[in-house]
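Residues per chain are reported as follows:
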Amino acid sequence: MNNENSRKNFYWIGTIIIVVLSVFGIYECYKVKAYRQTLEDTYNRAFFELSDYVDDIETLLAKSMLITSPSEMATLSQELSVQASSAKSCLAQLPITEVQLDNTAKFLSQVGDYTYSLSQSLINKKAIQESDYEKLNSLSSYAASLNQSLDKVADSVYKGTLHFGRNADISLQKVAYAANSSPFSAIEKEFGEYPSLIYDGPFSEHIEGIKPKMTENCSELTQQQAAGKVEKFFGVSADSVTYQGESQNSNMDCYVFKCIKDKAENRVSITKCGGFVTYFINNRKVRSEKLSVDEAISAALKFLDEKGFKNMQSSYYEKRNGIATVNFAYKQKNVICYSDLIKVKVALDNGEIVGMEAHGYIMNHTVRDIRKPVLTKQDARDRVSRHLSIDTVNIALIPKDSKKEVLCYEFKGTSNDKNFLIYINAETGNEEDIQLLIESEDGILTI
């Protein structure tokens, strides 16, 4: 009798376990199905929003061909920038891994940026040239082509022949179709002949092709010659320098080395052409602060002078973990050249230089032909807001997004207990930039 009861109990326990496991399995399948559907809905929403934004871009570009008013062009360029930025965001959300949409993304980056540059030309009383209208017409044609291609993809989604994320590996979020059958391959192909746009803007084609000024006409060093440059820079023997590889950064090909000095390890990057040190870093711990910031700046200036970086002027600094990072700009006579930037890291326990970054200096440093300002200092001062109480005035070359430099008067002053820098174009009198100085016991920075 007891054996029969035991068998019944075992039967019911087994049945309950099977039922529980079945319910759990069904629930998990439902969760996976629901997740896949949610994922597909998210992709669909991003795609259709992308399509709407591109439709708006096409319309706005068509309007741009008829605009002559600076205010209207400024308004249109702002709208285009918003639509293009939103379109790029939607494009990034789509599970497209089988094709690189570089040209499509470049088009969306440039479209608002280019019309903004035209609006600035109109504001500065420069007429839009016929070549500019030709570029606008070209952009409009590409927008129309992209719009038509997206419409075809939309038709496939509506008909159910294309599903974003369907039958895909959820963890990798890959699209379920092959690369050669992807509709986005056809879209990117449309941009195969996309023209180069040269204009005053951060996404202009010419920026990608900018070469470092200091390496112009310099011969390429061998790995061994570059190692010799590292030995000389640090004052060490050959057995202290070890080759680590190569790197490329903004058209600046470099060798990378490890250098041991005073038992500390330094990672060093040096240009292949010319053998200039672009950066080095020593990650030793700094456990106390014995030096003032002024003493750190003096140590950094002495280091720069010894390494051949002459006429450098300190500007801003930041303290963190016992290290002061000081920004220096080159000064040509009385003009501060902010493009020629070097950052130096100084250990506040003993004044050792534990890092340097000279990428901006190597990219931009040259002897400039600086013309005499058209405006006098007083003319420029008259263009500054009366709400700024001016403390000091300098003259400086400041870099714009287009990488061009503009000669300006730099006015430092206070307004509502905050410190500001205002830059007035020394030729046109336009207000080129306003920087807020953030000052604390940990540093002086600008935003």
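A quick note: this is a predicted structure, and the numbers were derived from the prediction, not measured.

Overview of the overall build of the protein chain
Stage number 1. When its secondary structure is counted, the protein chain shows ten helices and 13 strands.
Stage number 2. With 447 residues in all, the protein chain has 41% of them scored as buried.
Stage number 3. A separation threshold of at least 6 residues defines the contact pool for the protein chain, and within that pool the share at least 24 residues apart is 58%.
Stage number 4. Accessible surface, the protein chain: about 25,500 Å² in total, of which carbon and sulfur atoms supply 49%.

Some remarks on the environment of glycine 355
Stage number 1. You can see glycine 355 is positioned in strand β8 (residues 353-357).
Stage number 2. Here glycine 355 falls in the buried class, since its relative accessible area comes to 1%.
Stage number 3. Through-space distance from the C-alpha of glycine 355 to that of isoleucine 323 is 9.7 Å; in sequence the pair is 32 residues apart.
Stage number 4. If we ignore the near neighbours within four places in the chain, the residues touching glycine 355 are Phe280, Ile281, Lys343, Val344 and Lys345.

Section: the pairing of strand β4 (residues 277-282)
Remark: a regular strand shows side chains that alternate across the two faces of the sheet.
Stage number 1. Across five bridges, strand β3 (residues 264-271) lies against β4 in antiparallel orientation. Its bridge partner lying in β4, arginine 267 is registered against isoleucine 281.
Stage number 2. Counting the residues between successive antiparallel strands, the hairpin from β3 to β4 contains five residues, one of them, glycine 274, with a positive phi of roughly 90°.
Stage number 3. Taken together, the three bridges between β4 and β8 define a ladder with antiparallel strand orientation. Within β8, the position partnered with isoleucine 281 by the bridge is glycine 355.

As for the pairing of strand β6 (residues 323-332)
Stage number 1. With nine of ten residues buried, β6 is to be regarded as a mostly interior element.
Stage number 2. Of the pairings in the sheet, the one linking strand β5 (residues 312-320) to β6 comprises seven bridges and is antiparallel in character. Along β6, the bridge assignment pairs glutamate 318 with threonine 325.
Stage number 3. The turn joining β5 and β6, which pair antiparallel and follow one another in sequence, is formed by two residues; a positive phi near 55° is taken by asparagine 321.
Stage number 4. Between the end of β6 and the start of strand β7 (residues 335-347), which pair antiparallel, lie two residues, with lysine 333 showing a positive phi angle near 55°.

Brief notes about the nonpolar core
Stage number 1. Counting residues in each nonpolar core, the largest one holds 55 residues, and the members touching the most others are Leu304, Ile342, Val344 and Met356.
Stage number 2. For isoleucine 342, the contacting residues outside a window of four places in its chain are Leu304, Phe309, Met312, Val326, Asn327, Phe328, Met356, Glu357, Ala358 and Tyr361.
Stage number 3. Among the nonpolar cores identified, the runner-up in size contains 32 residues, and Phe47, Leu60, Met73 and Leu139 belong to it.

Calculation notes
- Residues numbered from 1 in each chain as written.
- Predicted model: local features only at pLDDT ≥ 70, side-chain atom pairs only at ≥ 80, totals over all residues.
- Heavy atoms only, no water.
- Helix = DSSP H or I, 4+ residues; strand = E, 2+ residues; numbered from the N terminus.
- Buried < 20%, exposed > 50% of the residue type's maximum accessible area, 1.4 Å probe, protein only.
- Contact = heavy atoms within 4.5 Å.
- Areas by Shrake-Rupley, 256 points an atom, 1.4 Å probe, with all protein chains shown as cover.
- Pairing = 2+ DSSP bridges.
- Core = buried A, V, L, I, M, F, W, Y, C linked by side-chain atoms within 4.5 Å.

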